[in-house]
Amino acid sequence: MEPAKASPLLQITGLKKHFPVKTGLFGRPSSSVYAVDDIAFDVHAGETLGIVGESGCGKSTTARLLMGLIPPTAGTVRFDGKIVGSPALPLKEFHRQVQMVFQDSYASLNPRLTVEESIAFGPTVHGVSRREAIARARSLLDRVGLDPIRFAGRFPHELSGGQRQRVNIARALALEPRILLLDEAVSALDKSVEAQVLNLLLDLKDAFGLTYLFISHDLEVVRFMATRVLVMYLGKVAELGPTEALYTKSRHPYTSALLGSLLSMDPDQRTERAPLAGDPPNPIDPPPGCRFHTRCAFAEAVCSLHEPVLHAAGASHAAACHMVPPNGEHSKSGMAMKAVS
Amino acid sequence: MFLATSTKLLEPILHSPGYWRTVWTRFRRDPVAIGAGVVVLALILMAIFAPLIAPQDPYQGMSLRRLRPPGTPGYLLGTDELGRDMLTRLIYGARISLFMGVTPVFVALFLGTTIGVVAGYLGGWTNTILMRTVDVFFAFPSVLLAVAMAGALGAGIGNGLIALTLVFIPPIARVAESVTTGVRTRDFVEAARASGAGAFLIIRKHVLGNVMGPIFVYAMSLIAVSMILASGLSFLGLGVKPPEPDWGLMLNTLRTAMYTQPLLCALPGVMIFITSISFNLLTDGLRSAMDVKS
């Protein structure tokens, strides 16, 4: 991982999304789900930023916020220094630069359109002639490993899951974006197909100079793909750091617990007890202080009182834990987490 | 450039049969639906070519041969209360009955789909305002609404059409809204939004193709209802006026002969029955043919 050279390509600050759940009299929301609660991070050109976390931690909401598919409650997204949605960078222009691949390969293709029509749709929206868009669609199909003569005229239900996800990647690339947001893009595929698609993604990244935001719950896949990893817990950033540093010297107990849940290939390395018990707390009513303190083995009084901020814990490595700063109120403050695996 | 565009890539590709071709293949294998389709087609042809098929003049009566039973020489299906040939009038009656059955449904299909799809796609306040307005009309029983409308507007074919159209807009808008709401949240619509397309383009390219099927099938099922309602309006004297040959109106004027010529009185009803059941069976066939689980 090389340190940030220039200004970040994508800069997210204070991003929040609260979904009102109950509506009181006169449509006033009485309580909210804090799906994404004040997160900030940068994405640098050419890197692959992995975003991991349990189901419901806000990974997908973050993706949809970044794409402008849902309006944020607060916060801004800057692309190339320009605020997305401002006159300097309208959403439509932003969408040419950032595209997304969804998890469900079938649901993300219009069942009534042929594969090439689906891929060509984006370019036609941005003023490319239909003929040229179709030509681009076919060349992209070729690029993602699907023979255009055989596949361009097919409908989504006539393809396998892996082939459909290749089509989705081609569709995302049709606008010639600089960032590709992959929201659990390989999670629904079986392992051998997943490996092929991952290799295709690595290959495309090199060929087109792409930047990836790779959202997944699969820690092994993220380790394989990502240069930096962001760990989310209950709508917050728990830890952010270079992949190897984070996987070998994690500084947040939650990251350690997640990594501890990985199954080892070595039969002697048995998981004796569950590294993390229970479900995440209800995001409608998140616990006070550190959101992880209800499940954390190291929780102390300070953890339920004060919310930890992201503390620097090494070169471009940060964790939101009271144990990270050297002279905090936590009895173990300043101690490095025991390396897992 | 990002990608090389070569002319080779515009060579012909292998095309899969489209959705509608698959539907047609399935429809063709359904004998009941095909039978109903043939009957509907025959009725339509009968209506179009009525002057060529009908043996007599539909308006020319003769008081000496009133209310003859079916089978009377020269009058295959007998004569009505003014001595006009029943067969002729039943053939001509298909014109107005089919017209009154199909036209309001198609106008309502266009308007109801527009309202429902816009409400369903945009959601929020637009949805609330549009759909609550529709619900006001929906709250009335359809027959009552049609009679009230036609009564308020006055008798006549045009007013009958307007009344029936207003009756059918709410249910079609409801169906359109519910299927659109289902499609709107699908990932491919999100993907289309993520490519920067506006609402109009997404509705045209991604929503309509996926909602038109169910809406169309539902509208088809309303054709029979519309015909019966139109007949009902005519029967009450609110739709077609005499001496136009209309099945509903004929039922009305012949009802006085119910005890003397029951078979004759039932004939227009039989026509209404055949037509509406054919449309219903055709709709059922279409519905199951379109239910392609892919």
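Computed from a predicted structure; not experimentally measured.

1. Looking at the overall build of chain A
Right, on to step 1. Looking only at helices and strands, chain A has 11 helices and 12 strands in total.
Right, on to step 2. Per-residue burial for chain A yields a buried fraction of 54% across its 341 residues.
Right, on to step 3. Within chain A, contacts between residues at least 6 apart in sequence are counted, and of these 64% link residues at least 24 apart.
Right, on to step 4. Accessible surface, chain A as shown: approximately 14,800 Å² in total, 52% of it carbon and sulfur.

2. Description of the interface of chain B and chain A
Right, on to step 1. Chain B puts 33 residues into the contact, and the matching count from chain A is 46 residues.
Right, on to step 2. Carbon and sulfur atoms supply 63% of the area buried between chain B and chain A, which totals about 3,600 Å² over both sides.
Right, on to step 3. Seen at the junction of chain B and chain A, the total is one salt bridge.
Right, on to step 4. One salt bridge connects A:Arg64 with B:Glu190, and the closest N-O pair in it is separated by 2.2 Å.
Right, on to step 5. Joining chain B to chain A, the criterion identifies eight residue pairs in polar contact (both at pLDDT 80 or more).
Right, on to step 6. Elements with a contribution of two residues or more to the side of chain B that touches chain A: helix H8 (187–194) and helix H9 (199–235) of chain B.
Right, on to step 7. In terms of residue count, the dominant contributor to the side of chain B that touches chain A is H8(B) (seven residues).

3. What to know about unusual backbone geometry
Residue and element names in this part refer to chain A.
Right, on to step 1. For Asp80, which is not glycine, the phi dihedral falls at a positive 55°.
Right, on to step 2. Summarising the element assignment, Asp80 is placed in the loop between strand S4 (74–79) and strand S5 (82–83).
Right, on to step 3. Residue classification places Asp80 among the partly exposed residues on the basis of a relative accessible area of 39%.
Right, on to step 4. In the Ramachandran plot, Ser316 falls in the positive-phi region, its phi being about 40° despite a non-glycine side chain.
Right, on to step 5. Looking at the secondary structure, you find Ser316 in the loop between strand S11 (311–312) and strand S12 (318–319).
Right, on to step 6. For Ser316, a relative accessible area of 42% gives the class partly exposed.

4. Topic: helix H10 (residues 247–254) of chain B
Note on helix geometry: an α-helix contains 3.6 residues per turn, so any two residues three or four positions apart are oriented the same way.
Residue and element names in this part refer to chain B.
Right, on to step 1. Where burial is concerned, most of H10 is hidden: six out of the eight residues are buried.
Right, on to step 2. Among all positions of H10, only Trp247, Gly248, Leu249, Met250, Asn252 and Leu254 are buried.
Right, on to step 3. With a side-chain oxygen lying 3.0 Å from the backbone nitrogen of Gly248, the N-terminal cap of H10 falls on Asp246.

5. Section: helix H6 (residues 142–153) of chain B
Residues and elements named next belong to chain B.
Right, on to step 1. In a regular helix each residue adds 1.5 Å, so 12 residues correspond to 16 Å; H6 covers 16 Å between its end C-alpha atoms and thus fits that length.
Right, on to step 2. In this structure, the buried side of H6 is in contact with helix H5 (124–138), helix H7 (157–184) and H9.
Right, on to step 3. Gly154, located one to two residues past H6, shows a positive phi value of around 100°.

6. Examining the nonpolar core
Right, on to step 1. B:Leu164, B:Phe168, B:Ile172, B:Ile202, B:Val207 and B:Trp247 are the most contacted members of the largest nonpolar core, which has 75 residues in total.
Right, on to step 2. Top contributing element to this core by residue count: H9(B), with 15 residues.
Right, on to step 3. Apart from residues no more than four positions distant in its own chain, B:Ile172 is found in contact with B:Val105, B:Ala108, B:Leu109, B:Gly112, B:Thr113, B:Ile215, B:Tyr218, B:Ala219 and B:Leu222.
Right, on to step 4. Core analysis: the second largest hydrophobic core is formed by 59 residues, A:Ala120, A:Val186, A:Leu259 and A:Cys303 among them.

7. Quick look at the packing of helix H4 (residues 86–122) of chain B against H10(B)
Residues and elements named next belong to chain B.
Right, on to step 1. At a minimum axis distance of 8 Å, the contact between H4 and H10 shows a crossing angle of 135°. Compared by their axis directions, H4 and H10 come out oblique. Across the interface between the two elements, Met86, Arg89, Leu90, Gly93, Ala94 and Ser97 of H4 pack against Trp247, Met250 and Leu254 of H10.
Right, on to step 2. Of the residues contributing to the contact of H4 with H10, the split by class is six nonpolar, two polar and one charged.

8. Some thoughts on a nonpolar patch on the surface
Residues and elements named next belong to chain B.
Right, on to step 1. On the surface, a cluster of nonpolar side chains totalling about 530 Å² of accessible area is made up of Val32, Val39, Val270, Phe273, Ile274, Ile277 and Leu281.
Right, on to step 2. The set of elements that each furnish at least two residues to the nonpolar patch consists of helix H2 (31–48) and helix H11 (262–290).
Right, on to step 3. The greatest single-element share of the nonpolar patch, amounting to five residues, is contributed by H11.
Right, on to step 4. Position of Val270 relative to the elements: it lies in helix H11.

9. Regarding the sheet that holds S12(A)
Right, on to step 1. Taken together, the eight strands give an open sheet; going across it, the order is S6-S7-S8-S3-S9-S10-S12-S11 (chain A), and neighbouring strands pair in mixed fashion. Edge positions in the open sheet fall to strand S6 (98–101) and S11 of chain A, since each of these has one partner strand only.

10. A short note on the confidence of the model for chain A
Right, on to step 1. With 90% of its residues at a pLDDT of at least 70, chain A reaches an overall mean of 86.
Right, on to step 2. Segment residues 337–341 of chain A is flagged for pLDDT under 50; beyond a separation of four residues in sequence, or across chains, it makes 13 contacts in the model.

11. Comments concerning the environment of A:Ile149
Right, on to step 1. Mapped onto the fold, A:Ile149 is located in helix H5 (residues 148–151).
Right, on to step 2. The sequence separation of A:Ile149 and A:Pro288 amounts to 139 residues, and the corresponding C-alpha distance is 58 Å.

12. Observations regarding the packing of aromatic side chains
Right, on to step 1. A complete count under the given rule lists six aromatic pairs over all chains for this structure.
Right, on to step 2. Judged by centre distance (6.5 Å) and plane angle (65°), the rings of B:Phe106 and B:Phe216 are edge-to-face. Of this pair, B:Phe106 sits in helix H4 while B:Phe216 is found in helix H9, placing the two residues 110 residues apart along the sequence.
Right, on to step 3. An aromatic cluster is present here, built from A:Tyr233, A:Tyr254 and A:Phe292 joined pairwise through their rings.

13. Points about the state of the cysteines
All names here are of chain A.
Right, on to step 1. Taken as a whole, this structure holds zero disulfides over all chains when the rule is applied.
Right, on to step 2. Here Cys303 is not cross-linked by a disulfide; its sulfur's nearest cysteine counterpart is in Cys290, at 6.0 Å.
Right, on to step 3. Looking at Cys303, the relative accessible area reads 7%, which means it is buried.

14. Considering the pattern of salt bridges
Residue and element names in this part refer to chain B.
Right, on to step 1. Within this structure, the stated rule accounts for 19 salt bridges over all chains.
Right, on to step 2. One salt bridge connects Arg193 with Glu190, and the closest N-O pair in it is separated by 3.0 Å. Here Glu190 and Arg193 lie together in helix H8, a separation of three residues that amounts to about one turn.
Right, on to step 3. For Arg193, a relative accessible area of 29% puts it in the partly exposed group.
Right, on to step 4. Residue Glu190 is classed as buried on the basis of its relative accessible area, which comes to 5%.
Right, on to step 5. Linked by salt bridges that have partners in common, Arg132, Asp135, Arg174 and Glu177 make up one network.

Definitions and limits used
- Residues numbered from 1 in each chain as written.
- Chains lettered and ligands numbered in written order.
- Predicted model: local features only at pLDDT ≥ 70, side-chain atom pairs only at ≥ 80, totals over all residues.
- Heavy atoms only, no water.
- Helix = DSSP H or I, 4+ residues; strand = E, 2+ residues; numbered from the N terminus.
- Buried < 20%, exposed > 50% of the residue type's maximum accessible area, 1.4 Å probe, protein only.
- Contact = heavy atoms within 4.5 Å.
- Areas by Shrake-Rupley, 256 points an atom, 1.4 Å probe, with all protein chains shown as cover.
- Buried area = accessible area lost by both parts, 1.4 Å probe.
- Salt bridge = Lys/Arg side-chain N within 4 Å of Asp/Glu carboxyl O.
- Polar contact = N/O pair within 3.5 Å; in protein donor to acceptor, adjacent residues only side chain to side chain.
- Expected span 1.5 Å × (residues − 1).
- Core = buried A, V, L, I, M, F, W, Y, C linked by side-chain atoms within 4.5 Å.
- Axes fitted to C-alpha atoms, helices over the stretch in contact; angles between N-to-C directions.
- Parallel < 35°, antiparallel > 145°, perpendicular 65-115°, else oblique.
- Nonpolar A, V, L, I, M, F, W, Y, C, P; charged D, E, K, R; others polar.
- Patch = residues over 30% accessible without salt bridge, like charges linked within 9 Å, V, L, I, M, F, W, Y side chains within 5 Å.
- Pairing = 2+ DSSP bridges.
- pLDDT = per-residue confidence, 0-100.
- Phe/Tyr/Trp six-rings, centres within 6.5 Å; stacked < 30°, edge-to-face > 60°.
- Disulfide = S-S within 2.5 Å.

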